[in-house]
Amino acid sequence: MIQRIQTLYLFAAAALMTTALFTPLAYFAAGSEEYLLRAFALGGGETSQSTIYMGIVMVLAAVVPLVNIFLFKRRMLQIRLCAVELVLLLGTVAFIGIYYYLSGRMVSQAEFHAQGFRISAVFPLVALVFDYLAMRAIFRDELLVKSLDRIR
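Quick caveat, the model's predicted, so the values are computed rather than measured.

## Description of the overall build of the protein chain
Part 1: Helix and strand content of the protein chain: four helices and five strands.
Part 2: The secondary structure elements of the protein chain, listed N-terminal to C-terminal, are α-β-β-β-β-α-α-β-α.
Part 3: Its C-alpha atoms give the protein chain a radius of gyration of 19 Å, more than 25% over the compact-globule value 15 Å for 152 residues.
Part 4: Once the C-alpha set of the protein chain is aligned to its principal axes, its extents read approximately 75 × 20 × 20 Å.
Part 5: Per-residue burial over the protein chain gives 40% buried out of 152 residues.
Part 6: Total accessible area on the protein chain is roughly 8800 Å²; 68% of this is exposed by carbon and sulfur atoms.
Part 7: The protein chain carries 13 positive and 9 negative side-chain charges, and their two centres are separated by 17 Å.

Rendered as structure tokens:
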């Protein structure tokens, strides 16, 4: 289980998504107030908006690779779960983009405003690459096992 490279890829994807879950993804400054976009809320000061849907998708994107690590005897199910993880990660990237755009419109009416991404906003994209590499490695293992079954 641990000696397979796809386990390391899946663990890296889970670690990146867990880190992105607990760190700010973007910041917005409007006048003297600063707002932070997090997985479950966009807020700062006394105002806060819920981003619960993005948080749910991010939690699922952090849990699926961990579950997938322990299904090492069922490679076809692992490949399917990797495909589900790819969709979840694309959804996470889409949610981050949507909330960033909508929040940017919210603070753009202020006289002075600034906005930007934090480094944790890139983590879902990096996890997407790791998940794809894990899916390819699992598929290669499946082909190897099938070829060995033909030799017997």
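## Focus on the nonpolar core
Part 1: Counting 28 residues, the largest nonpolar core has Met 17, Phe 28, Leu 37, Met 54 and Met 58 as its most contacted members.
Part 2: Going through the elements one at a time, α1 (5-22), β1 (26-30), β2 (33-37), α2 (52-69), α3 (75-107) and α4 (123-151) are the ones with two or more residues in this core.
Part 3: Among the elements that take part in this core, α3 stands out by supplying seven residues, more than any other.
Part 4: Residues Ile 69, Ile 79, Cys 82 and Ile 138 belong to the second largest nonpolar core, which totals eight residues.

## Digging into the side chain of Arg 4
Part 1: Within the element layout of this structure, Arg 4 appears in the segment before α1.
Part 2: In this structure the side chain of Arg 4 is engaged in a polar contact, spanning 3.4 Å, whose partner is the backbone oxygen of Phe 72.
Part 3: In this structure the side chain of Arg 4 is engaged in a polar contact, spanning 3.3 Å, whose partner is the side chain of Gln 78.

## What about the pattern of salt bridges?
Part 1: Taken as a whole and judged by the stated rule, the model has three salt bridges.
Part 2: Of the charged contacts, one joins Arg 4 and Asp 141 as a salt bridge, the two residues approaching to 3.9 Å between their closest N and O atoms. Within this pair, whereas Arg 4 is found in the segment before α1, its partner Asp 141 is found in helix α4, the two being separated by 137 residues in sequence.
Part 3: Residue Arg 4 is classed as buried on the basis of its relative accessible area of 16%.
Part 4: In this structure, the salt-bridge partner of Arg 118 is Glu 34, at a minimum N-O distance of 3.6 Å. Within this pair, whereas Arg 118 is found in the loop between β5 (113-117) and α4, its partner Glu 34 is found in strand β2, the two being separated by 84 residues in sequence.
Part 5: Accessibility expressed as a relative area gives 43% for Glu 34, which makes it partly exposed.

Conventions and cut-offs
Residues numbered from 1 in each chain as written. Predicted model: local features only at pLDDT ≥ 70, side-chain atom pairs only at ≥ 80, totals over all residues. Heavy atoms only, no water. Helix = DSSP H or I, 4+ residues; strand = E, 2+ residues; numbered from the N terminus. Rg over C-alpha atoms; globule rule 2.2 N^0.38 Å. Buried < 20%, exposed > 50% of the residue type's maximum accessible area, 1.4 Å probe, protein only. Areas by Shrake-Rupley, 256 points an atom, 1.4 Å probe, with all protein chains shown as cover. Lys, Arg positive; Asp, Glu negative; His and termini not counted. Charge placed at Lys NZ, Arg CZ, Asp CG, Glu CD. Core = buried A, V, L, I, M, F, W, Y, C linked by side-chain atoms within 4.5 Å. Polar contact = N/O pair within 3.5 Å; in protein donor to acceptor, adjacent residues only side chain to side chain. Salt bridge = Lys/Arg side-chain N within 4 Å of Asp/Glu carboxyl O.

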